[in-house]
Amino acid sequence: MFITFEGPEGSGKTTQIPQLQDYLVEAGYTVFCTREPGGTAIGDQIREVLLANKNTAMHPRSEILLFQASRAQLVEQEILPRLQRHEIVLCDRYADSTLAYQGYGHGVDLAQLRGIVDFATGGLKPDLTLLFDLDVEIGLSRRQKDGDINRLDAFALDFHRRVRAGYHALAAAEPQRWQIIDATQPPEQVQAVVREVVLAKYSLN
Ligand code: TYD
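Residues numbered from 1 in each chain as written. Predicted model: local features only at pLDDT ≥ 70, side-chain atom pairs only at ≥ 80, totals over all residues. Heavy atoms only, no water.

Visitor: Any chance you could explain the packing of helix α3 (residues 60–84) against helix α5 (residues 110–121) here in plain terms?
Guide: Each pair of packed helices gets described by two things: the angle between the helix axes and the distance between those axes. The geometry of α3 relative to α5 is characterised by a closest axis approach of 7 Å and an angle of 30° between their N-to-C directions. Compared by their axis directions, α3 and α5 come out roughly parallel. Contacts between α3 and α5 involve I64, L65, Q68, R71, A72 and V75 from the first element and L113, I116, V117, A120 and T121 from the second. Of the residues belonging to the contact of α3 with α5, the class tally is 8 nonpolar, 2 polar and 1 charged. (Axes fitted to C-alpha atoms, helices over the stretch in contact; angles between N-to-C directions. Helix = DSSP H or I, 4+ residues; strand = E, 2+ residues; numbered from the N terminus. Parallel < 35°, antiparallel > 145°, perpendicular 65-115°, else oblique. Contact = heavy atoms within 4.5 Å. Nonpolar A, V, L, I, M, F, W, Y, C, P; charged D, E, K, R; others polar.)

Visitor: Looking at this structure, how should I read the nonpolar core?
Guide: The nonpolar side chains of soluble globular proteins are, as a tendency, buried together. Grouped together as the largest cluster of nonpolar side chains are 19 residues, with contacts concentrated most on I3, F5, L90, L130, V194 and V198. Breaking this core down by element, the ones donating at least two residues are β1 (2–6), α1 (13–26), β3 (88–92), β4 (128–133) and α8 (187–204). For V194, the residues in contact, after removing those within four places along its chain, are L20, L130, F132 and I181. (Core = buried A, V, L, I, M, F, W, Y, C linked by side-chain atoms within 4.5 Å. Buried < 20%, exposed > 50% of the residue type's maximum accessible area, 1.4 Å probe, protein only.)

Visitor: Please clarify how the site of the ligand should be interpreted in this entry.
Guide: Taken together, E9, K13, T14, E36, R47, F67, R71, R93, S97, T98, Y101 and Q102 make up the full set of residues near the ligand. A distance of 3.0 Å separates an oxygen atom of the ligand from a polar atom in the side chain of K13. Within the side chain of R71, a nitrogen or oxygen atom sits 3.1 Å from an oxygen atom of the ligand. Protein chains bury 81% of the 540 Å² of accessible surface belonging to the ligand in isolation. For the shell around the ligand, the secondary structure elements donating two or more residues are α1, α3 and α4 (95–105). Take the shell around the ligand: its biggest share by element is 4 residues, from α4. (Near = heavy atom within 4 Å. Polar contact = N/O pair within 3.5 Å; in protein donor to acceptor, adjacent residues only side chain to side chain. Areas by Shrake-Rupley, 256 points an atom, 1.4 Å probe, with all protein chains shown as cover.)

These figures capture arrangement, not role.
Here it is in structure tokens:
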């Protein structure tokens, strides 16, 4: 079973995933945990290029293609072989991040993006996608030590609002795949909901 985790910065997904992994391993499942961009030796090199501060000249189309190159490698090298062995794969961000950030956030044509994303994934879709949802201001302030979001320019806030709205639109279009999780709850409660949702899905598969 292939499970992906989506949400804005500061939504806590990156701390929740290892806890879910521990729980599932304890329950006897074979679980592989990975993340995007990266997750392979080649993907990690691409991640460095994507995140390096010096690469300010990167064109949005180059950025989109680099995300897809990392994803294609991850799917072929790590995800597909494990799914073929009926293992559980947990992935911190996947194709929906491109649609939410580059599509809804930056306004790149969604139909074109879907074509590129499908090419990268070879059509592999998650069985379940958990959206860690929370107010944009809360997410951003969690990330900032002093909690002062006034210094953020309006573009940043608007961008993150579009990303969040995009995630909601994606979830509404495929409700059988998505589960929206209230990420403002205390972390233990979030983890309890995550486990419940995953086990419910697993028992259906
Ligand atoms: P990362 O440090 O992994 O952030 P996070 O902990 O929030 O996952 O950086 C990944 C950043 O890249 C994040 O801001 C989301 C963005 N992103 C895209 O814009 N498009 C994509 O396709 C992916 C996978 C990530």
